[in-house]
Amino acid sequence: MNTVTTYSPHTDVTTSSPRTDVTTSSPRTERPGHGLTVADAMEPCEYQIADDSTVDQADDILHGADIEYLLVRDHDGRCEGLVTRTGLHPFLERARSTERTAISATAHQRGPFAWPTMGLALAAIAMRIKHLAVWPVVDEDGYILGVLTADRASGLLVTGLLATTPTP
């Protein structure tokens, strides 16, 4: 019979008890998407705007390029956030102010941002909690690397789930 000897430093007592189950290694369960990172799912972002640009300029780019969002960068090129058509809507309703209103003065999505080494499953959970459709991805110095979209993240995680599910 196998016995397990334990020592408790608080009582200075050693006890032995019979052990009926001996496991040499702990079972590991594969988690869907385990090992995938944000870098695996991020996409390049071709459109960016400086934070001192005006709301009118941002609106022109959004409509001209037919896109839903722009990454906002500061004067050093670091990611300041993300502005969307929906976020600009209140400012566009007041036509006189849009010529002078800087993007930095608008209520737009600001950090923290995703890192390329962050686990994709964790990033997807954070995006769901924060209700984000798009999340900027930055390096350790805050420079823009790309974006993570909720659709892309969930698509890769589902693909990972299907790949690890045994077929009958």
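Coordinates for the structure precede this section.
Residues numbered from 1 in each chain as written. Predicted model: local features only at pLDDT ≥ 70, side-chain atom pairs only at ≥ 80, totals over all residues. Heavy atoms only, no water.

Caption draft 1: Representation of the overall build of the chain within the structure. Helix and strand counts for the chain come out as six helices and seven strands. Counting helices and strands in the order they occur from the N terminus, the chain gives β-β-α-β-α-β-β-α-α-α-β-β-α. Counting only residues that meet the buried cut, the chain has 33% of its 168 residues in that class. For the chain, the share of sequence-separated contacts (at least 6 apart) that also reach a separation of at least 24 residues comes to 51%. A total accessible area of about 11000 Å² is found for the chain, and carbon and sulfur atoms account for 54% of it. (Helix = DSSP H or I, 4+ residues; strand = E, 2+ residues; numbered from the N terminus. Buried < 20%, exposed > 50% of the residue type's maximum accessible area, 1.4 Å probe, protein only. Contact = heavy atoms within 4.5 Å. Areas by Shrake-Rupley, 256 points an atom, 1.4 Å probe, with all protein chains shown as cover.)

Caption draft 2: Region of the structure containing helix H5 (residues 120–130). Along H5, the residues classified as buried are Leu120, Ala123, Ala124, Ala126 and Met127. The buried side chains of H5 occupy one side of the element, clustering within an arc of 160 degrees when seen end-on. Opposite the packed face of H5, turned more than 90 degrees from it, sit the exposed residues Leu122, Arg128 and Ile129. Once H5 finishes, His131 follows within two positions and takes phi at roughly 55 degrees, a positive value. (Arc of directions from axis to C-beta.)

Caption draft 3: Inspection of the pairing of strand S6 (residues 134–138) at higher detail. Across the five residues that make up S6, a large majority, five, are buried. Alternating residues of S6 divide into Val134, Pro136 and Val138 and Trp135 and Val137, and every residue in both groups is buried. In terms of strand pairing, S6 meets strand S7 (residues 144–149) through five bridges, oriented antiparallel. Directly across from Val138, in S7, lies its bridge partner Ile144. Hairpin connection, S6 to S7: the antiparallel pair is bridged by five residues, and Gly142 has positive phi, about 90 degrees. (Pairing = 2+ DSSP bridges.)

Caption draft 4: Highlighting the pattern of salt bridges. For the structure on display, the rule yields five salt bridges. Taking the shortest distance from any N to any O, the salt bridge between Asp66 and Arg85 comes out at 3.5 Å. Here Arg85 lies in helix H3 (residues 85–92) and Asp66 lies in the loop between helix H2 (55–65) and strand S4 (69–73), a separation of 19 residues in the sequence. Asp66 gets classed as exposed once you look at its relative accessible area, which sits at 62%. Taking relative accessible area as the criterion, Arg85 reaches 24% and is therefore assigned partly exposed. Residue Glu68 pairs with Arg85 through a salt bridge whose shortest N-O separation is 3.9 Å. (Salt bridge = Lys/Arg side-chain N within 4 Å of Asp/Glu carboxyl O.)

Caption draft 5: Looking closely at the sheet that holds S4. Reading across from one edge, S3-S4-S5 is the order of the three strands in this open sheet, with mixed pairing throughout. Edge positions in the sheet fall to strand S3 (48–50) and strand S5 (79–84), since each of these pairs with one other strand and no more. Within the sheet, the average angular offset between the axes of one strand and its neighbour, ignoring direction, is 35 degrees. Pairing geometry for S4 and S5, over five bridges, is antiparallel. (Axes fitted to C-alpha atoms, helices over the stretch in contact; angles between N-to-C directions.)

Caption draft 6: Representation of the environment of Thr84 in the model. Its place among the elements puts Thr84 in strand S5. Distance in space between the C-alpha atoms of Thr84 and Glu68 is 5.7 Å, their sequence separation being 16 residues. Beyond its immediate stretch of four places on either side in the chain, Thr84 contacts Leu62, Glu68 and Tyr69.

Caption draft 7: Layout of unusual backbone geometry. In this model, Gly111 is joined to Pro112 through a cis peptide bond whose omega is 10 degrees. With respect to the helices, strands and loops of the structure, Pro112 is situated in the loop between helix H4 (95–98) and H5. At Asp66, a residue that is not glycine, the phi angle is positive and equals roughly 55 degrees. Phi is positive for His131, close to 55 degrees, though the residue is something other than glycine. When you line up the elements, His131 lands in the loop between H5 and S6. Overall, His131 belongs to the exposed group, its relative accessible area being 72%.

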